Amino acid sequence: MLNTAPRAKKRTLPLPKTGRGEMTRRKILDAAKREIGRRGFAEASISTITSEAGVAQGTFYIYFRSKEDVMRELVLHMGRMLRHHLTEATEGAKNRIEAERLGLRAFLDFVRRNPDLYKVVEESQFVDEKVYRQYYTEFAKSYRIALAAAEKRGEITPGGTENAIEVRAWMLMGIAVFLGQRYGLWDPKAPLDPIVDVATALLAHGMAAR
């Protein structure tokens, strides 16, 4: 049975000093992403990962200590990639609601193009809860800053309580996570714009009858 308790942060192995070394490390990560995404963490093996990457099994341990080490790196890599992707997608937004629409559309598209990486993140909660929490808390931190700025500009209603920004950030993240599951992984052929329109209308107008 996998241990779900948060683990102490381990010192990572030094990054490669050459382009060739970085390419080898990237090949291992890409192979691990595909293998864990397809078979799940428990069934994935280092021998299969290195075989798919086209490197010797001993080479794996030059860059990573364990399969868990690879998963942690993939989760953090997913976070960096996705935040950069969303920043680019929303930088031209006229207001916060438009930014939410553009961001959700970009997120769903990202999940469809990176299904294995998305699955790795979700499975990481059963392998290393600490890195799973870190993935989401770093997103929440960025979200809180954006929402607070939008509130000051008058683009969204005031939250009314001290922790309203925090609650709103996690609520919006939850919407994206489950829409990502439904329309990113389970139904990747569904048109995205109508889905995003429904979500955006809910954010802009709420559910109460008027």
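The structure we're discussing is the one just above.
What comes next concerns the included structure. Being a predicted model, the structure only gives us computed values, none of them experimental. (Residues numbered from 1 in each chain as written. Predicted model: local features only at pLDDT ≥ 70, side-chain atom pairs only at ≥ 80, totals over all residues. Heavy atoms only, no water.)

## Some remarks on the environment of D109
In step 1: By secondary structure assignment, the location of D109 is in helix 5 (residues 96-113).
In step 2: Its relative accessible area of 27% is what places D109 among the partly exposed residues.
In step 3: The sequence separation of D109 and Y183 amounts to 74 residues, and the corresponding C-alpha distance is 9.4 Å. (Helix = DSSP H or I, 4+ residues; strand = E, 2+ residues; numbered from the N terminus. Buried < 20%, exposed > 50% of the residue type's maximum accessible area, 1.4 Å probe, protein only.)

## Here we look at the packing of aromatic side chains
In step 1: According to the stated counting rule, one finds six aromatic pairs in the structure shown.
In step 2: On the basis of an interplanar angle of 70 degrees and a centroid distance of 6.0 Å, the ring pair of F107 and Y118 is categorised as edge-to-face. One end of the pair, F107, is in helix 5; the other, Y118, is in helix 6 (residues 115-123), and eleven residues separate them in sequence. The same class applies to F107 as to Y118, namely buried.
In step 3: For the ring pair Y132 and Y136, a centre distance of 5.2 Å and an interplane angle of 75 degrees mean the geometry is edge-to-face. With Y132 and Y136 both in helix 7 (residues 129-152) and four residues apart, the pair spans about one turn of that helix. The pair Y132 / Y136 is uniform in exposure class, with both members buried.
In step 4: Grouped by ring-pair contacts, the aromatic residues Y132, Y135, Y136 and F139 constitute a single cluster.
In step 5: Sitting above the plane of the F41 ring, K67 keeps its charged end 4.4 Å from the centroid.
In step 6: Against the face of F139 rests R83, its NZ or CZ located 5.4 Å from the ring centre. (Phe/Tyr/Trp six-rings, centres within 6.5 Å; stacked < 30°, edge-to-face > 60°. Lys NZ or Arg CZ within 6 Å of the ring centre and 35° of its normal.)

## Some thoughts on the nonpolar core
In step 1: In this structure, I28, L74, M78, L82, F107, L108 and Y135 are the most contacted members of the largest nonpolar core, which totals 54 residues.
In step 2: With nine residues, helix 7 is the single largest residue contributor to this core.
In step 3: Not counting residues within four places of it along the chain, the set of residues in contact with L108 comprises L179, G180, L192, I195 and V196. (Core = buried A, V, L, I, M, F, W, Y, C linked by side-chain atoms within 4.5 Å. Contact = heavy atoms within 4.5 Å.)

## Topic: the layout of surface pockets
In step 1: The volume enclosed by the largest pocket comes to roughly 630 Å³.
In step 2: Every residue lining the largest pocket is counted, 26 residues in all, and those nearest its centre are L86, R96, G103, F139 and Y143.
In step 3: Only helix 4 (67-90), helix 5, helix 7, helix 8 (164-186) and helix 9 (192-205) provide two or more residues apiece to the lining of the largest pocket.
In step 4: Looking at the lining of the largest pocket residue by residue, the class counts come to 18 nonpolar, four polar and four charged. (1 Å grid on protein atoms, 1.4 Å probe; cavity = no way out; pocket = protein on both sides within 12 Å on 5 of 7 lines; lining within 4 Å. Points joined across faces, edges and corners; volume = space filled by probe spheres on them. Nonpolar A, V, L, I, M, F, W, Y, C, P; charged D, E, K, R; others polar.)

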